[in-house]
Amino acid sequence: MLVAHDVPGGAAWSVRVRAGRELRCTALGPDANLSLLLLRADDPLDRLNVPDTLKAQMSACVRAPMVLMSDRGIGLATVTGSSLDWHDALCGHSTDVHVAPFGLTSYQDVRNERRVSARAGLLSELRKHGRDRADLHGSVNLFSKVALDDSGGLARVPGWSAEGDWVTLRSEVELLVLMSTSIHPLATTWAPPPVRVEISEAPADESARLFRDESARALEQAARAVV
Amino acid sequence: MTVVPAGEGFVGLVRAGGTVRIIDLEGNQAADTLLYDAHDLDNRYSAFDTIREQRSAYLTTGSQLLSTELDVLMTLTADTVGRHDTIGGACSQESNVLRYGEHTRHMHACRETFLRTGAQVGIGARQLTHNINFFMNVPVTSDGGLSFADGLSSPGQYVELTAERDVFVLISNCPQLNNPCNGWNPTPIQVVVREPA
């Protein structure tokens, strides 16, 4: 284990991660949400591209063993495993509009118990790295499921994740990983649990390479992202 | 009125209250489209904010096309097709390599058109985002599946968008030859911008 960090519920965090690391994210309470953005550390204009990730692997959600792909066709990270078979990739992330029904609170009034949206948290982390609104791409929402019906309708599944649910990502290139544990934008209560993030050397994993040709090619491109 | 051949781009200002009509002249042609607040390029179309707030994966008449700040940039006020995609993104040379193999790397793709055309109004790689695919059919299923299917559009079908503020409309008329999004035969579209009444 290289680093272990518990991100409190409703907080945001960012970390630079070398290629070949495993990020193990574990929900420390029920109904967790982790809104996740990925940027290449050496080239932050190359960002997680959710549409390209979904269409290349013919999926409307994120699940193992999909590869998370960038704007420029690089496999950024592999979802090497998860106790859940659906992570939302269609609903963006919460904004102040979604937190307001539970009462937007100020630091002056409640100090660090204030309620911060995922958008505000992710932007705050992006700005620490000289990034801003222009760099805010679509995120994925780990631990959340928004079910689709066959006419394209969406409905969040309450209680989709339980305490102890987990997902592991393998970094395929050096990454800037940005995350918020604020609520999913379609959540109906304000009760975001913390999420534990443990970073270690990644074990060898062939699951994505064997999953689809598209996933394998994204890993090939990652290996030659910088020659 | 502008005819945009396949593989070419269009960018134009649509003033608040004005409209843009995009016509699929020969049918089954994907028109990859991005929208920007003309006075704040970072307040741009957001596919996932739009999908979430309307609780539907597809765009059709009445869809409010939202920005990252949740402003309504444009409203889809007419649609003779019935359903359009905003999950599938645009093609790029690099995503073609992932999807179809190395031999497609040098085939023309929408991302190049977005960059070349967007540069006219200051839209660069950092400003590009997840787009709308008018006339494209990308069904999603309750088990989490997604596919690129034959288009639902036919010659002369159109969409019309009404601007709710001053908006730059950036279009790439898709040159994709590797899937059925253009019926394997990319064809021209027509773009008609009308000033507010």
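Look up: the structure comes first, before these words.
Just so you know, the residues in each chain are numbered from 1, in the order the chain's sequence is written. The naming scheme follows written order: chains are lettered A onward, ligands numbered 1 onward. Local features in this predicted model are restricted to residues whose pLDDT is 70 or higher, and side-chain atom pairs enter the listing and the counts only when it is 80 or higher, whereas totals over whole chains, interfaces and linings include all residues. Values shown for side chains rest on all heavy atoms present in the structure; no hydrogens or waters enter the calculation.

**Student:** Can you lay out the pattern of salt bridges for me, pointing to particular residues and giving the numbers?
**Tutor:** Counted as salt bridges are all cases of a side-chain nitrogen of Lys or Arg within 4 Å of a carboxyl oxygen of Asp or Glu. According to the stated counting rule, one finds 28 salt bridges over all chains in the structure shown. Glu206(A) serves as the salt-bridge partner of Arg209(A), at 3.6 Å between the closest nitrogen and oxygen. Taking the relative accessible area as the measure of exposure, Glu206(A) reaches 44% and is therefore partly exposed. Counted as one network, the salt bridges with shared partners bring together Arg119(A), Asp49(B), Arg52(B) and Glu53(B). In this scheme, a residue with accessible area under 20% of its type's maximum is buried, one over 50% is exposed, and one in between is partly exposed, where area comes from a 1.4 Å probe on protein chains only.

**Student:** Lay out the interface of chain A and chain B with the relevant residues and their values.
**Tutor:** Accessible area lost when the parts come together is the quantity often used to give the size of an interface. The contact definition used throughout considers only heavy atoms, calling two residues in contact when any of these lie within 4.5 Å. Counting residues at the interface gives 51 residues for chain A, matched by 47 residues for chain B. When the two sides are added together, the surface that chain A and chain B hide from each other amounts to roughly 3800 Å², 54% of it contributed by carbon and sulfur. Here chain A and chain B share 5 salt bridges between them. Of the charged contacts, one joins Arg133(A) and Glu69(B) as a salt bridge, the two residues approaching to 2.8 Å between their closest N and O atoms. Listed by contribution, the elements that provide at least two residues to the side of chain A that touches chain B are β5 (43–47), α1 (50–56), α2 (96–99) and α6 (213–223) of chain A. Helix and strand assignments come from DSSP, with helices taken as H or I runs of at least 4 residues and strands as E runs of at least 2, each series counted from the N terminus. Residue contributions to the side of chain A that touches chain B peak at 6 residues, all from α1(A). Under the scheme applied, nonpolar residues are Ala, Val, Leu, Ile, Met, Phe, Trp, Tyr, Cys and Pro; charged residues are Asp, Glu, Lys and Arg; polar residues are all the others, including Gly. When the residues that make up the side of chain A that touches chain B are grouped by side-chain class, the tally is 21 nonpolar, 14 polar and 16 charged. When two parts are put together, the accessible area they lose, computed with a 1.4 Å probe and summed over both, is reported as buried area.

**Student:** I'd like a rundown of the environment of Leu186(A), residues and numbers included.
**Tutor:** Along the polypeptide, Leu186(A) turns up in the loop between β12 (175–180) and β13 (195–201). When the C-alpha atoms of Leu186(A) and His98(A) are compared, they prove to be 7.4 Å apart, with 88 residues separating the residues in sequence. Those residues in contact with Leu186(A) that sit more than four places away from it in its chain are Cys91(A), Val146(A), Arg156(A), Arg52(B) and Arg55(B).

By themselves, these figures tell us nothing about what the structure is for.
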